[in-house]
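Report on the structure
Next come the chains, spelled out residue by residue.
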Amino acid sequence: MSSPSKRREMDLMKLMMSDYKVEMINDGMQEFYVEFHGPKDSPYQGGVWRVRVELPDAYPYKSPSIGFVNKIYHPNVDEMSGSVCLDVINQTWSPMFDLVNVFEVFLPQLLLYPNPSDPLNGEAAAMMMRDRNAYEQRVKEYCEKYAKPEDAGAAPDEKSSDEELSEDEYGSSDDEVAGKADP
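Only a predicted model underlies this, so the values are computations on that prediction, with no experimental measurement involved. (Residues numbered from 1 in each chain as written. Predicted model: local features only at pLDDT ≥ 70, side-chain atom pairs only at ≥ 80, totals over all residues. Heavy atoms only, no water.)

A look at the overall build of the chain
Here is the rule: Runs of H or I in DSSP of at least four residues are treated as helices and runs of E of at least two as strands, each being numbered from the N terminus. Only heavy atoms enter the contact rule, under which two residues are in contact if any of them lie within 4.5 Å. Working definition of accessibility: Shrake-Rupley area with a 1.4 Å probe, residue cover restricted to the visible protein chains.
Looking only at helices and strands, the chain has six helices and four strands in total. Sequence-ordered secondary structure for the chain, helices as α and strands as β, is α-β-β-β-β-α-α-α-α-α. Put simply, of all contacts in the chain between residues at least 6 apart along the chain, 56% involve residues at least 24 apart. Approximately 10,400 Å² of the chain is accessible, and the part contributed by carbon and sulfur atoms is 49%.

Pasting the structure below:
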């Protein structure tokens, strides 16, 4: 690979060409949102999250920073900021991985196999260890309350142009998302 910036461009294009919706935050290619669906056969199935991705200057040699914008109930995700426990990605990160791996492997594995012994959300970790059924029920409640397609920034019927969105639907959500992304 000739340079980290070329690699960043290639990985971002590969992610955009896959089944993921990607929304750039600004003109650079270092910050963007990705629409992420909960894995099948898990309490997160049916949930849709807007995930903020920030690529460090040293990417791909350093792992991306990942955070959920809309709420998710998980032992390894901070409930207030949405930050994902960095060890989850950092411990296994290698320049061989790309952004598609993050959304097809790392995040699904994180949701399918939480690690309650290294929590960012102590309440979720304690509930998971104490009462797995109650934990899974709470996960499903969060999915229904906070992880519907419209919560991830995707309109339910795939509206794509500005004139199809009313100001109420579109204008106010930008402020909310921006406020949640940078606590």
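From this point, things continue past the structure.
Thoughts on the packing of helix α4 (residues 122–130) against helix α5 (residues 132–146)
Stated formally: Note on geometry: axes are C-alpha line fits, over the in-contact stretch for helices, and angles between N-to-C directions span 0 to 180 degrees. Roughly parallel means an angle under 35 degrees; roughly antiparallel, over 145; roughly perpendicular, 65 to 115; everything else is oblique. Under the grouping applied here, Gly and all other residues not named as nonpolar or charged are polar, the nonpolar ones being Ala, Val, Leu, Ile, Met, Phe, Trp, Tyr, Cys and Pro and the charged ones Asp, Glu, Lys and Arg.
Interhelical geometry of α4 versus α5 gives an angle of 135° and a closest axis separation of 5 Å. Compared by their axis directions, α4 and α5 come out oblique. Contacts from Glu123, Ala124, Met127, Met128 and Arg130 of α4 reach α5 at Arg132, Ala134, Tyr135 and Arg138. When its residues are assigned to classes, the contact of α4 with α5 shows five nonpolar, no polar and four charged.

Some points on the environment of proline 114
Position of proline 114 relative to the elements: it lies in the loop between α3 (99–112) and α4. Residues proline 114 and alanine 124, ten residues apart in the sequence, show an inter-C-alpha distance of 10.0 Å.

So, α3
To keep things clear, this is the line we draw: Here, expected helix span is obtained from the residue count minus one, scaled by 1.5 Å. To get the bend at a residue, fit one axis to the 7 residues ending there and another to the 7 starting there, then take the angle between the axes. Burial classification: accessible surface area is computed with a 1.4 Å probe over protein chains only, and a residue below 20% of its type maximum counts as buried, one above 50% as exposed, and the rest as partly exposed.
With 14 residues, α3 should cover 20 Å at 1.5 Å per step; its first-to-last C-alpha distance of 19 Å lies within 8% of that length. The largest bend in α3 comes to about 25°, at phenylalanine 106, with the proline proline 108 one to four residues further on. Taken together, the buried positions of α3 are occupied by Leu99, Val100, Val102, Phe103, Phe106, Leu107, Pro108, Leu110 and Leu111.

Some thoughts on the confidence of the model for the chain
Note the following rule: pLDDT expresses how confident the predictor is about each individual residue, on a scale running from 0 to 100.
Residues with a pLDDT of 70 or more make up 81% of the chain, whose mean pLDDT is 83. The low-confidence segment residues 154–183 (pLDDT under 50) makes 21 contacts with residues lying over four places distant or belonging to another chain.

So, the nonpolar core
Note the following rule: Residues belong to a common nonpolar core when they are buried Ala, Val, Leu, Ile, Met, Phe, Trp, Tyr or Cys residues joined through side-chain atoms within 4.5 Å.
Membership of the largest hydrophobic core comes to 37 residues, with the highest contact counts inside it found for Phe103 and Leu107. For this core, the elements supplying multiple residues, two or more each, are α1 (4–17), β2 (31–37), β3 (48–54), β4 (65–68), α3, α4 and α5. When residues of this core are assigned to their parent elements, the largest contribution, eight residues, is made by α3. Apart from the residues lying within four places of it in its own chain, the contact partners of phenylalanine 103 are Leu15, Tyr20, Val34, Phe36, Val51, Val53 and Pro108.

Thoughts on the pairing of β3
Heads up, the rule is: Only strands that DSSP links by at least two bridges are regarded as paired with each other.
Taking burial as the measure, the seven residues of β3 include six buried ones, the bulk of the element. In this structure, β2 lies alongside β3, joined through seven bridges in antiparallel fashion. When the bridges of β3 are listed, histidine 37 appears paired with valine 48. Across four bridges, β3 lies against β4 in antiparallel orientation. Within β4, the residue paired with valine 53 across the bridge is isoleucine 66.

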